[in-house]
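Spelled out, the chains give:
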Amino acid sequence: MKLRSPLRNLLILPLAALTALSVMTSAPAAKADPISQDGGAVSDAAAPLAAGSMRLQKSNGVWVTITPQMQRNAGVVIDTIRATNWSGVSSRDKDRLIVISLMTMAQESTFFTNSRTQMPDSNNDVGPFQQRSLVGWYADGRTQAENIRILNDIPYATRTFIEGHRVAISAPGAAGRVGYIIPGVFQKKNWRTDEMWKVAADVQVPAAKYRYYYEYWRPVVEEMVTLMEGRTPTTVGTVNVYTTAGDHTVNGRKWQTRCEPYSKTIDRCTAKIWSTQVSRVDGQFVQTNAWNFNNLTYLPSTRADWVGNPLATHGEFSSQGRDWKTSCADTWTGPDACRAFIRTTVIESYLDSSGNRRFRDTEKWVFNNVVHFSD
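Not measured: the values here are computed from a predicted model.

Draft legend 1. Focus on the state of the cysteines. All told, the structure shown has 2 disulfides when counted by the stated rule. Covalent S-S linkage joins Cys-259 and Cys-269, the inter-sulfur distance amounting to 2.0 Å. One disulfide, between Cys-259 and Cys-269, carries an S-S torsion of 105° and so falls in the right-handed class. You can see Cys-259 sitting in strand E8 (residues 253-261) and its partner Cys-269 sitting in strand E9 (residues 267-281), a full 10 residues away along the chain. Note that Cys-328 is cross-linked by a disulfide to Cys-338, the S-S spacing being 2.0 Å. For the disulfide bridge between Cys-328 and Cys-338, the dihedral angle about the S-S bond is near 110°, and by the sign convention the bridge is right-handed. Taken together, the residues Cys-328 in strand E12 (residues 322-328) and Cys-338 in strand E13 (residues 337-351) connect sequence positions 10 residues apart. When the bonded cysteines of the protein chain are numbered from the N-terminus onward, they pair as 1-2, 3-4.

Laid out in structure tokens, this is it:
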């Protein structure tokens, strides 16, 4: 796969710097391709809604229609998690489990409304969470037909997704010996702290290029839970303005985020912030309020997608007469990302010795973009 030139269409901070710039600092067998590769029940944002349906937007900008049946199935997941008593699992933990579970069910089976998911696929996966129906896997039936019935039960499938499943029957092609636990959420050491899409992907084990797809459903799921339970889950917190498409107000600041394909396998989001920008007009420094570029975020994809691209290679480089540097796996990015800076002249503000606000030109490295890896 041939990527675009790494610098093509990059948005570069101009000479006038932002005085209000805000940048964030902080094993089952592999599954087949997910059912909802591009959103399941995709809809036109302006199309009329059927009675009882609601239209919500995924973080990749795709609008989806959430039908009454989807809501009913999501409600079964919510009720199952609320009603189950797990040792050491708090109400706050259950809030998180609800979002993770619904993100997963949305991606795997369109909230279990895709009729194809009620029968085994080419991997013999079935049900709301697409769990393997072969004897000796996620259910304890003596036949595959019995397991299909069990795994199509939403409460059972939900608990199994969360708890994992201990193999109880020895059979050819089983997941493991009797007693082996097929991992669920609880078997993932950092399920309380890892990003929720990572938890879902670690349990489901999709192809690498689909791992981040669970995250696309998060704003949809959070809004559904808010409407269905009459409150916001305590784990949700503030929207990620760098990767969630749409218009946002966070901590009193206004953001615009737009996401689009960068290549066939990579999506890229551009974040702008409403802020004060300083420019030089007729020899004077002038401050104006406008939408100003903040940074680019390349959503998670495999390292193989970035081979040869300097935005994902540690070191310095030049392009179109500009100097760049890329830092990978540092303390800011963590082990699965690279961030790139451009050398440019910006206008910065300072206080002189009398305490007056002044402006001056200065050359510095300016953060431009971050690349996230899924493997």
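Continuing now.
Draft legend 2. Quick look at helix H1 (residues 68-83). Between its terminal C-alpha atoms H1 stretches 22 Å, which fits the 22 Å expected from 16 residues at 1.5 Å a residue. Looking at H1, one finds that the buried residues are Met-70, Gln-71, Asn-73, Ala-74, Gly-75, Val-77, Ile-78, Thr-80 and Ile-81. Buried residues belonging to H1 abut strand E1 (54-57), strand E2 (63-66), helix H2 (91-109), helix H4 (154-163) and helix H7 (218-229).

Draft legend 3. Quick look at the packing of H2 against H7. Following both chains from N to C, one finds H2 and H7 inclined at 125°, their axes separated by 9 Å at the closest point. In terms of orientation, H2 and H7 fall into the oblique class. Judged by the sense of rotation from one axis to the other, the crossing of H2 with H7 is right-handed. Each of Ile-98, Val-99, Leu-102 and Met-103 in H2 lies in contact with H7, whose residues at this interface are Arg-218, Val-221, Glu-222 and Val-225. Here the contact of H2 with H7 is composed, by residue class, of 6 nonpolar, no polar and 2 charged.

Draft legend 4. Expanded view of the packing of aromatic side chains. As enumerated under the stated definition, the model contains 16 aromatic pairs in all. Residues Tyr-212 and Tyr-216 carry aromatic rings whose centres are separated by 5.5 Å and whose planes lie at 85° to one another, so their mutual orientation is edge-to-face. According to the relative accessible area criterion, Tyr-212 is buried, its value standing at 6%. For Tyr-216, a relative accessible area of 5% gives the class buried. When the ring of Tyr-298 is compared with that of Trp-306, the centres are 5.2 Å apart and the planes differ by 90°; the resulting orientation is edge-to-face. The exposure class assigned to Tyr-298 is buried, which follows from its relative accessible area of 0%. Judged by its relative accessible area of 2%, Trp-306 is buried.

Draft legend 5. Fine view of the side chain of Ser-374. Relative to the assigned elements, Ser-374 resides in the segment after strand E14 (357-373). Residue class for Ser-374 comes out buried when judged on its relative accessible area of 9%. At 3.4 Å, the side chain of Ser-374 forms a polar contact with the backbone nitrogen of Thr-302.

Criteria and thresholds
Residues numbered from 1 in each chain as written. Predicted model: local features only at pLDDT ≥ 70, side-chain atom pairs only at ≥ 80, totals over all residues. Heavy atoms only, no water. Disulfide = S-S within 2.5 Å. Helix = DSSP H or I, 4+ residues; strand = E, 2+ residues; numbered from the N terminus. Expected span 1.5 Å × (residues − 1). Buried < 20%, exposed > 50% of the residue type's maximum accessible area, 1.4 Å probe, protein only. Contact = heavy atoms within 4.5 Å. Axes fitted to C-alpha atoms, helices over the stretch in contact; angles between N-to-C directions. Parallel < 35°, antiparallel > 145°, perpendicular 65-115°, else oblique. Left-handed = near helix turned anticlockwise from the far one by under 90°. Nonpolar A, V, L, I, M, F, W, Y, C, P; charged D, E, K, R; others polar. Phe/Tyr/Trp six-rings, centres within 6.5 Å; stacked < 30°, edge-to-face > 60°. Polar contact = N/O pair within 3.5 Å; in protein donor to acceptor, adjacent residues only side chain to side chain.

Read these as geometric descriptors, not functional statements.
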